[in-house]
Every structure is written in structure tokens, then in C-alpha cells.
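One letter stands for each residue in the lines below.
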Amino acid sequence: MPQTALKTPNFLAAANTESSIDQKRLVARLGARWFLQGLTLVKTFGGGDILDGLILLAVTDANTRHLNGPDGRYQSSSDIPPNDARRPVSVYVVARELGVSYETARRHVQRLIKAGKIERVEDGVVVPDAVFAEYEIQGLTAKNYSNTRRFLDQLRDVGVI
């Protein structure tokens, strides 16, 4: 979600409705735990470097964002989108979305290209489908799913959702 979306009146109104201060504090704690567990997964995705992991995740998101529609394509954990379904993204866009300098993003992308995690194509960069077929990455997907389900279950248990 772009940072500007967090500053809109609709977001602020939605974030402040029907929750007591106690629920907000509890949700903040539960959300912090979910976020930190997610960061651990991102670091693993990046081979131990959190910024590499964030860049991989940002490139992946940009490559596949258009596939998040209601048609159900490539939504199963075993249905990895093929390379020709991915949309390339420029390093500049990745840098802007992550709030890092272009030069920092470019250096990390170069390192990830050398490691075989990102490929340069005509219109930018993509994370190839072979990366997601790796056993370790599929395990990270399963852990992320479990982490998110646990967070949602905890929110449901305390009556927030």
C-alpha cells in the first residue's frame, strides 16, 4: 500500500472505528509480532540480508500484482506464475516504493542478478519462476501463510474481526 493511502481520511476513519483503546493496543502488539515474524521470513528470502529480501519481495510484488484479481489464476501455492505472466519493473520504481536511493537498489539488484534470484529483461527486472520452485522458498510461503492465519485468528479471538 502506498504511504499516501495511509494518510487518507478514509483510512484513518476505518482505523479508528469500533475499537476501544485496549483493543488498539492489543492489535498493535499482535501486529508487531506478525510484522517481526514476517521480517524474519523476508531476511531468509534475501539469503540473510534483509534489504535483499525486501527488494526481492518488492520485485515479486510488482511482477505479479496484476494477478491478484478474482479470476483465481495462480492463486494456489503450487500454481507458480510462469515467467511470461510476470510484468517487469524498473529498479527506479523498486527504489521509490521501498524509499531507498536508486543507487542502493541498483547495487542490491546487481547482487541478486549475480546470485540468480533476479533476471534483467527488456523492460526491467523479474524474479523468475524457478526461484519460487525452490524447496526453501516454498517453505517460506507456507510459513508466511501460517503466520498470517495465526494473526487473523488472534484478531478474531479478541473480537476485532
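On a predicted model such as this, the values are computed, not experimentally measured, just so you know. (Residues numbered from 1 in each chain as written. Predicted model: local features only at pLDDT ≥ 70, side-chain atom pairs only at ≥ 80, totals over all residues. Heavy atoms only, no water.)

Draft legend 1. Highlighting the environment of Ser-90. Relative to the helices and strands, Ser-90 is located in the loop between helix 3 (50–64) and helix 4 (91–98). For the pair Ser-90 and Asp-123, spaced 33 residues apart in sequence, the C-alpha to C-alpha distance is 7.0 Å. Ignoring sequence-local partners within four residues, the contact set of Ser-90 consists of Asp-123 and Gly-124. (Helix = DSSP H or I, 4+ residues; strand = E, 2+ residues; numbered from the N terminus. Contact = heavy atoms within 4.5 Å.)

Draft legend 2. Expanded view of the nonpolar core. The biggest cluster of nonpolar side chains holds 22 residues, and the ones touching the most others in it are Phe-45, Ile-55, Val-59, Ile-118, Val-125 and Val-127. Elements represented by at least two residues in this core include exactly helix 2 (21–45), helix 3, helix 4, helix 5 (102–114), helix 6 (129–133) and helix 7 (135–157). A total of 6 residues in this core trace back to one element, the largest contributor, which is helix 3. Ignoring sequence-local partners within four residues, the contact set of Ile-55 consists of Val-94, Leu-98, Ala-105, His-108, Val-109, Leu-112 and Ile-118. (Core = buried A, V, L, I, M, F, W, Y, C linked by side-chain atoms within 4.5 Å. Buried < 20%, exposed > 50% of the residue type's maximum accessible area, 1.4 Å probe, protein only.)

Draft legend 3. Fine view of the environment of Gly-53. As for its position among the elements, Gly-53 is in helix 3. When its relative accessible area of 0% is taken as the criterion, Gly-53 is described as buried. As for Gly-53 and Leu-112, which are separated by 59 residues in sequence, their C-alpha atoms are 9.6 Å apart. Excluding residues that lie within four positions of it along the chain, Gly-53 makes contacts with Val-42, Phe-45 and Gly-46.

Draft legend 4. Layout of the packing of helix 4 against helix 5. Following both chains from N to C, one finds helix 4 and helix 5 inclined at 120 degrees, their axes separated by 8 Å at the closest point. Helix 5 is crossed by helix 4, and the crossing has right-handed handedness. Taken together, the residues of helix 5 that come into contact with helix 4 (itself represented by Val-91, Tyr-92 and Ala-95) are Tyr-102, Ala-105, Arg-106 and Val-109. In terms of residue class, the contact of helix 4 with helix 5 is made up of 6 nonpolar, no polar and 1 charged. (Axes fitted to C-alpha atoms, helices over the stretch in contact; angles between N-to-C directions. Left-handed = near helix turned anticlockwise from the far one by under 90°. Nonpolar A, V, L, I, M, F, W, Y, C, P; charged D, E, K, R; others polar.)

Draft legend 5. How the structure looks around the pattern of salt bridges. The final tally for this structure, using the stated rule, is 9 salt bridges. A salt bridge links Arg-111 to Asp-52; the shortest N-O distance between them is 3.0 Å. Placement of Arg-111 in helix 5 and of Asp-52 in helix 3 is noted, with a sequence separation of 59 residues between them. Its relative accessible area of 41% is what places Arg-111 among the partly exposed residues. Since its relative accessible area comes to 6%, Asp-52 is described here as buried. One network of salt bridges, with partners in common, ties together Asp-49, Asp-52 and Arg-111. (Salt bridge = Lys/Arg side-chain N within 4 Å of Asp/Glu carboxyl O.)

Draft legend 6. Spatial organisation of helix 4. By the burial criterion, the buried members of helix 4 are Val-91, Val-94 and Ala-95. Along the long axis of helix 4, the arc covered by the buried residues comes to 100 degrees, so they all point the same way. Exposed positions of helix 4 whose direction lies more than 90 degrees from the buried face are Tyr-92 and Arg-96. In the core, the buried residues of helix 4 are packed alongside helix 3, helix 5 and strand 2 (124–126). (Arc of directions from axis to C-beta.)

Draft legend 7. Quick peek at unusual backbone geometry. With a phi angle near 55 degrees, Tyr-74 is a residue other than glycine that sits in the positive phi range. Counting through the fold element by element, Tyr-74 comes out in the loop between helix 3 and helix 4.

Draft legend 8. Representation of the packing of aromatic side chains. This structure, assessed with the given rule, holds 2 aromatic pairs. Here Trp-34 and Phe-151 contribute two aromatic rings whose centre-to-centre distance is 5.4 Å and whose plane-to-plane angle is 20 degrees, an arrangement assigned as stacked. With Trp-34 in helix 2 and Phe-151 in helix 7, the pair connects residues that are 117 residues apart, well separated along the chain. Under the relative-accessibility criterion, Phe-151 is labelled buried at 14%. Arranged with centres 6.2 Å apart and planes meeting at 40 degrees, the rings of Phe-45 and Phe-132 form a pair that is tilted. (Phe/Tyr/Trp six-rings, centres within 6.5 Å; stacked < 30°, edge-to-face > 60°.)

Nothing here speaks to function; it is geometry throughout.
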